[in-house]
Structure formats: structure tokens, C-alpha cells
Amino acid sequence: MSAADSARGADVVVLDYGSGNLRSAVRALEATGARVELSADPERARTAAGLVVPGVGAFAACMAGLRAVGGDAVVRERASAGRPTLGICVGAQVLFAAGVEHGERTDGVGLWPGEVEQLRTRRLPHMGWNEVRPDPGSVLFEGLDGSRFYFVHSYGVHAVEALRERGARVTTVQHEDDVFVAGVEDGAVSAVQFHPEKSGAAGARLLSSWVAALPSGGSQV
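Conventions we followed
Residues numbered from 1 in each chain as written. Predicted model: local features only at pLDDT ≥ 70, side-chain atom pairs only at ≥ 80, totals over all residues. Heavy atoms only, no water. Core = buried A, V, L, I, M, F, W, Y, C linked by side-chain atoms within 4.5 Å. Buried < 20%, exposed > 50% of the residue type's maximum accessible area, 1.4 Å probe, protein only. Helix = DSSP H or I, 4+ residues; strand = E, 2+ residues; numbered from the N terminus. Contact = heavy atoms within 4.5 Å. Pairing = 2+ DSSP bridges. Axes fitted to C-alpha atoms, helices over the stretch in contact; angles between N-to-C directions. Phe/Tyr/Trp six-rings, centres within 6.5 Å; stacked < 30°, edge-to-face > 60°. Arc of directions from axis to C-beta. Salt bridge = Lys/Arg side-chain N within 4 Å of Asp/Glu carboxyl O. Lys, Arg positive; Asp, Glu negative; His and termini not counted. Polar contact = N/O pair within 3.5 Å; in protein donor to acceptor, adjacent residues only side chain to side chain.

I'd like a rundown of the nonpolar core, residues and numbers included.
Judged by nonpolar contacts, the single largest core of 64 residues is most densely connected at L29, W112, F141, F149, L206 and W210. Looking at this core element by element, the count peaks at five residues for helix α8 (residues 200-212). Discounting chain neighbours no more than four positions away, the residues touching L206 are L140, F141, L144, F149, V192, F194 and P196.

Account for the sheet that holds strand β7 (residues 112-118), naming residues and giving values.
Ordered in space as β6-β5-β7-β10, the four strands form an open sheet in which the pairing is mixed. A single partner strand is all that each edge strand has here, and the edge strands are β6 (104-107) and β10 (155-157). Across the sheet, the mean angle separating the axes of adjacent strands is 20° when strand polarity is ignored. Of the pairings in the sheet, the one linking strand β5 (residues 96-101) to β7 comprises three bridges and is parallel in character. When the sheet's bridge partners are listed, F96 is paired in β7 with W112. Sheet contacts for helix α4 (residues 59-68): β5, β6 and β7; angle to β6, the most-contacted strand, approximately 25°.

Mind laying out unusual backbone geometry, listing which residues take part and the relevant values?
The amide bond that connects L124 to the next residue, P125, takes the cis arrangement and shows omega of 0°. Within the element layout of this structure, P125 appears in the loop between β7 and β8 (126-134). In this model, C89 sits at a positive phi of 55°, which is unusual for a non-glycine residue. Mapped onto the secondary structure, C89 falls in the loop between β4 (85-88) and α6 (90-93). With relative accessibility at 4%, the residue C89 sits in the buried group. Even without being glycine, E176 reaches a positive phi, approximately 55°.

Describe the packing of aromatic side chains, and please don't skip the residues or the numbers.
Under the defined criterion, the tally for this structure stands at six aromatic pairs. On the numbers, 6.0 Å between centres and 80° between planes, the contact of F141 with F194 is edge-to-face. Pair noted here: F141 is in the loop between β8 and β9 (148-153) and F194 is in the loop between β13 (189-192) and α8, with a separation of 53 residues, a long-range link. Accessibility classification places F141 together with F194 in one group, the buried group. Joined through ring pairs, the aromatic side chains of F141, F149, F151 and F194 make up one cluster.

Tell me about the pairing of strand β2 (residues 35-39), and please be specific about residues and values.
Working note: regular strand, side chains alternate between the two faces of the sheet. The pairing of strand β1 (residues 11-15) with β2 spans five bridges and is parallel. Each residue of the ladder has a partner; that of D11, found in β2, is R35.

Help me get a handle on helix α5 (residues 71-81), residues and values and all.
When α5 is considered as a whole, its buried residues turn out to be G71, D72, V74, V75 and R78. Projected onto a plane normal to the axis of α5, the buried residues spread over an arc of 165° and lie on a single side. In the core, the buried residues of α5 are packed alongside β1, α3 (42-47), β3 (50-53), α4 and β4. Residue G82 follows α5 closely and has a positive phi angle near 75°.

Hey, could you go over the pattern of salt bridges for me, with residue numbers and the actual values?
Summed over all chains, the structure comprises 16 salt bridges. When the shortest N-O distance is used, the salt bridge between R164 and D135 registers 2.8 Å. Within this pair, whereas R164 is found in helix α7 (residues 160-165), its partner D135 is found in the loop between β8 and β9, the two being separated by 29 residues in sequence. Note on R164: relative accessible area 32%, which makes it partly exposed. Beyond isolated ion pairs, a larger network of salt bridges with shared partners links D11, E37 and R44.

Residue-level account of the side chain of E101, with values.
The topology assignment puts E101 in strand β5. Within the buried core, E101 has no salt-bridge partner, and the shortest N-O distance to an opposite charge, that of R67, equals 11 Å. A distance of 3.0 Å separates a polar atom in the side chain of E101 from the backbone nitrogen of F59. Contact partners of E101, with chain neighbours within four places excluded, come to A58, F59, A60 and Y155.

Following this line, the structure appears as C-alpha cells:
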């Protein structure tokens, strides 16, 4: 059975809080065979089999939008309950403790240690296709070690070892001499710094793997 066949019937909500490539994310997830809904309703976000939190732009603005729809509380609740959540780009960054931009610190959702900070490189933003290196045992990146994904960002997380110490599987990427987090798998919560919806066959395979692992046949309660 293919991943797309396994995914059919899976109930996925893409959280609409005013940030992210929402329609692109919805289309990419629909291509996996999932039933996808774009919603700002916290109850739908809480009960869906899978929740996707996209995000682009500034960390502080994304956190403000997320709090405005109660999304930060929903994400923490889902993490505690073991309900699958996937953060994408700034939607991945906000899952960390804080973000620091232009000298200003903004609290994040706080699921993981580490601050989102400017990359330690000469060339910014980090934009384009780059190769990733997942930890052994990765489910999300199974068969994708060394694959290239599409990145566009100037900020990232360097707390690779702190994440590993708490038992998370970490996927890294290198831009110039800087190595930082490209993906995290920690229980039911996963996150990717790149845009899988813009990453061709590799991105489609990653989304299919995530959706295929979701409970099917409706929402959770």
C-alpha cells in the first residue's frame, strides 16, 4: 500500500492565523490523499487527527497571530495529548522557547529549548535548495537522507544537542560554516525549517510520510 493510500481519510487542519503559504500548504497536503481544512477554529485545530502550523515573516508577528486564535494553547495541548502537529518554517520556529530579532526577544510556544536567532553567515537570507542530514531512526525523513529541500530564511535554531538530550531526533543543514536545525521529531510534534510544499518530490514524500502516520477516519476527541 502506498503512503497516499494509507493517508486517505486522514483529517488534517491547516491553522489559519494570518501567516504562511496557506493555499500552497493545503494543496500539497491534499495531494497526499488527506482530507484538508483551512481553519482558524481552535476546536477544529484541537480535535483534528493532524494539525499543520505554517508561518512566514517575523517571529513576533507570527506569535501574535498564533495567540490571537488561541493556537499556542492548542499546540501545547496537542503535544501533551500526543496528537500529531507539524510546524513549517516560522511555524516551526515558534515552537521553541523564544525568538530574538533586531535585539527584541519574544516568547515562543515553549515546547522546545533554544532561541531562534540570526544565522551566523555572511550571506543572508539562506535561500534555495540545500541538503539535509537526519538523525538515525528518523521517520519523517526515512529514505530522504541527503535530499535537498527549499529554504528561505535568515533566522534559525542552533540548539541541536539540547534537542537531542531531550530525546528528539534532529535533522540538520549547513549554510556556509553554520550548522542549524532543519527538522525536529519529538513525540507527536514535528517541525521543518524549509518549505516542503515548495520542495518537489522530496517535500511531497515527507508530507506523505507525515500524513500516512496519522489516525484515519475522523477527528480525535
